[in-house]
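# A look at the structure
These are the residues of each chain, in order.
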Amino acid sequence: IEALQLLPKRIEALQAVCVVAIAAGVFHNLVLAAGGAVFSWGDNNGGQLGHGDIKSRSVPQQIE
């Protein structure tokens, strides 16, 4: 893996969200917002994103 791939990147879909916690797995991620909303994205073959399906997501989506 090249070192440039390991640099943090701004996630445009969360630009207006006040993030208070981040959980990053190998293939999926979760973000907790200040108001209690949770966003997830990544691989979802086991339903681990919490959206009630097995559709993977490339951008953060709020969990209902």
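Here the structure is a predicted model, which is why all the values come from computation and not from measurement.

### Some words on the sheet that holds strand β2 (residues 28-33)
Pairing between sheet strands relies on hydrogen bonds along the backbone, with the strands arranged either parallel or antiparallel. Taken in spatial order, the four strands make up an open sheet running β1-β2-β3-β4, and their pairing is antiparallel. The open sheet is flanked by β1 (19-24) and β4 (57-62), the only strands paired with a single partner. On average, each strand axis in the sheet is tilted by 15° relative to the strand beside it, whichever way the strands run. With five bridges connecting them, β1 and β2 associate as antiparallel partners. Along β2, the bridge assignment pairs Ile22 with Val31.

### A short note on the side chain of His51
Within the secondary structure, His51 is located in the loop between β3 (38-42) and β4. In this structure His51 comes out as buried when scored by relative accessible area, which is 19%.

### Re the nonpolar core
Formed by Leu14, Val31, Ala33, Ala37, Phe39 and Trp41, the largest nonpolar core amounts to six residues. Breaking this core down by element, the ones donating at least two residues are β2 and β3.

### Re the environment of Leu6
With respect to the secondary-structure elements, Leu6 resides in the segment before β1. Of the residues examined, Leu6 reaches a relative accessible area of 63% and is grouped as exposed. Sequence spacing of Leu6 and Lys55 is 49 residues, and the spatial spacing of their C-alpha atoms is 26 Å.

### Points about the pattern of salt bridges
Within the structure shown, the criterion is met by one salt bridge. Two residues, Arg57 and Asp53, come together in a salt bridge whose shortest N-O distance is 2.9 Å.

Basis of the calculations
- Within each chain, residue numbers correspond to sequence positions counted from 1 in written order.
- Only residues with pLDDT of at least 70 get local features here, since the model is predicted, and only at 80 or more are side-chain atom pairs given and counted; chain-wide, interface and lining totals rely on the full set of residues.
- To get the side-chain values, take all heavy atoms of the structure and skip hydrogens and water.
- For two strands to count as paired, DSSP must find a minimum of two bridges between them.
- Working definition: helices are DSSP H or I runs of at least four residues, strands are E runs of at least two. Numbering for both runs from the N terminus.
- What counts as an axis is a line fitted to C-alpha atoms, over the stretch in contact for a helix, and the angles between N-to-C directions run from 0 to 180 degrees.
- Accessibility here uses a 1.4 Å probe with only protein chains present; expressed as a share of the type maximum, an area under 20% marks a residue as buried, one over 50% as exposed, and anything in between as partly exposed.
- Each nonpolar core is a collection of buried residues, namely Ala, Val, Leu, Ile, Met, Phe, Trp, Tyr and Cys, held together in the definition by side-chain atoms within 4.5 Å.
- Basic side-chain nitrogens of Lys or Arg form a salt bridge, by our definition, when they fall within 4 Å of a carboxyl oxygen of Asp or Glu.

Remember that the coordinates give geometry; whether it matters functionally is a separate question.
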